[in-house]
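Given next are the chains, with one letter for each unit.
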Amino acid sequence: MARRQEQYTIKGGRDNGKTFLLTEMPADQAEQFAWRAISAAARGGLNVPAEMAGSGFAGLAQMGFNMLMSISFDDLQPLLYEMMQCVVLVPDTSKPSVTRPIDREDIEEASTYFKLRAEVFKLHVGFSKAAES
């Protein structure tokens, strides 16, 4: 089975109408990401029950995207970068199969990064439109 994918279009602001393709991480990478995030959250003082610690993205789903707020920036920065590696730009929505890596000039609003990372998180925990199909 192929990794899940979802197109996401920004609504509002200077990035209004820009479309991105989000792709799920390979299973081994997703598991390691979840371990790093849960471990960093626990080091940051978040109470992480033992059963959640070993449950990968399912545990992250229970804690929610906001649990990333408990992680120190030094631990968070590589996780944020890794999430954006799941995102490519769809420059022309009439040709959705044509994508390219994001360039710094492609995103003009800081809030767009937050929206994209939240959608990547949802894609991995199974709460996305892609997971419903």
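Scroll up to find the structure.
Residues numbered from 1 in each chain as written. Predicted model: local features only at pLDDT ≥ 70, side-chain atom pairs only at ≥ 80, totals over all residues. Heavy atoms only, no water.

A. Region of the structure containing the sheet that holds strand β2 (residues 19–23). Pairing within the open sheet is antiparallel, and its 4 strands lie in the order β1-β2-β3-β4. Only two strands of the sheet have a single partner each, and these edge strands are β1 (5–9) and β4 (100–101). When strand β3 (residues 87–90) meets β4, the two strands line up antiparallel, connected through 2 bridges. Each bridged residue has a counterpart across the sheet, and for Val-88 the counterpart in β4 is Pro-101. Where helix α5 (residues 110–125) meets the sheet, it contacts β1, β2 and β3, and its direction lies at approximately 35° from that of β2. (Pairing = 2+ DSSP bridges. Helix = DSSP H or I, 4+ residues; strand = E, 2+ residues; numbered from the N terminus. Contact = heavy atoms within 4.5 Å. Axes fitted to C-alpha atoms, helices over the stretch in contact; angles between N-to-C directions.)

B. Representation of the pattern of salt bridges within the structure. Per the stated rule, a full pass over the model turns up 8 salt bridges. A salt bridge links Glu-24 to Arg-4; the nearest nitrogen and oxygen atoms lie 3.3 Å apart. Of this pair, Glu-24 sits in the loop between β2 and α1 (27–43) while Arg-4 is found in the segment before β1, placing the two residues 20 residues apart along the sequence. Residue class for Glu-24 comes out buried when judged on its relative accessible area of 17%. By relative accessible area, Arg-4 is classed as partly exposed at 26%. Taking the shortest distance from any N to any O, the salt bridge between Glu-108 and Lys-18 comes out at 3.2 Å. One end of the pair, Glu-108, is in the loop between β4 and α5; the other, Lys-18, is in the loop between β1 and β2, and 90 residues separate them in sequence. (Salt bridge = Lys/Arg side-chain N within 4 Å of Asp/Glu carboxyl O. Buried < 20%, exposed > 50% of the residue type's maximum accessible area, 1.4 Å probe, protein only.)

C. Looking closely at helix α4 (residues 73–84). Taking 1.5 Å per residue as the helical rise, α4 with its 12 residues ought to reach 16 Å, and the 16 Å between its terminal C-alpha atoms agrees with that figure. For α4, the complete set of buried residues consists of Leu-76, Leu-79, Leu-80, Glu-82, Met-83 and Met-84. Considering only its buried residues, α4 is in contact with α1, β3 and α5. (Expected span 1.5 Å × (residues − 1).)

D. View of α5. For α5, which comprises 16 residues, the first-to-last C-alpha distance of 23 Å matches the rise-based estimate of 22 Å (1.5 Å per residue) to within 8%. Three or more residues of α5 are buried, namely Thr-112, Leu-116, Arg-117, Ala-118, Glu-119, Val-120, Phe-121, Leu-123, His-124 and Val-125. Note on α5: the residue one or two positions beyond its end, Gly-126, has a positive phi of about 95°.

E. Just the pairing of β1, in detail. Residues Glu-6 and Tyr-8 of β1 are buried on one face, while the alternating residues Gln-5, Gln-7 and Thr-9, pointing to the opposite face, are not. Bridge analysis of β1 against β2 gives 5 bridges, and the strand direction is antiparallel. Considered in β2, the bridge of Thr-9 is made with Thr-19.

F. Just the nonpolar core, in detail. Counting 27 residues, the largest nonpolar core has Phe-20, Leu-22, Ala-37, Leu-68, Ile-71, Val-87 and Leu-116 as the members making the most contacts within it. Among the elements of the structure, β2, α1, α4, β3 and α5 are those that each provide at least two residues to this core. Look past the residues within four positions of Phe-20 in its chain and what remains in contact with it is Glu-6, Gln-7, Tyr-8, Ile-10, Val-87, Val-88, Leu-89, Val-90, Ile-102, Ile-107, Thr-112 and Leu-116. (Core = buried A, V, L, I, M, F, W, Y, C linked by side-chain atoms within 4.5 Å.)

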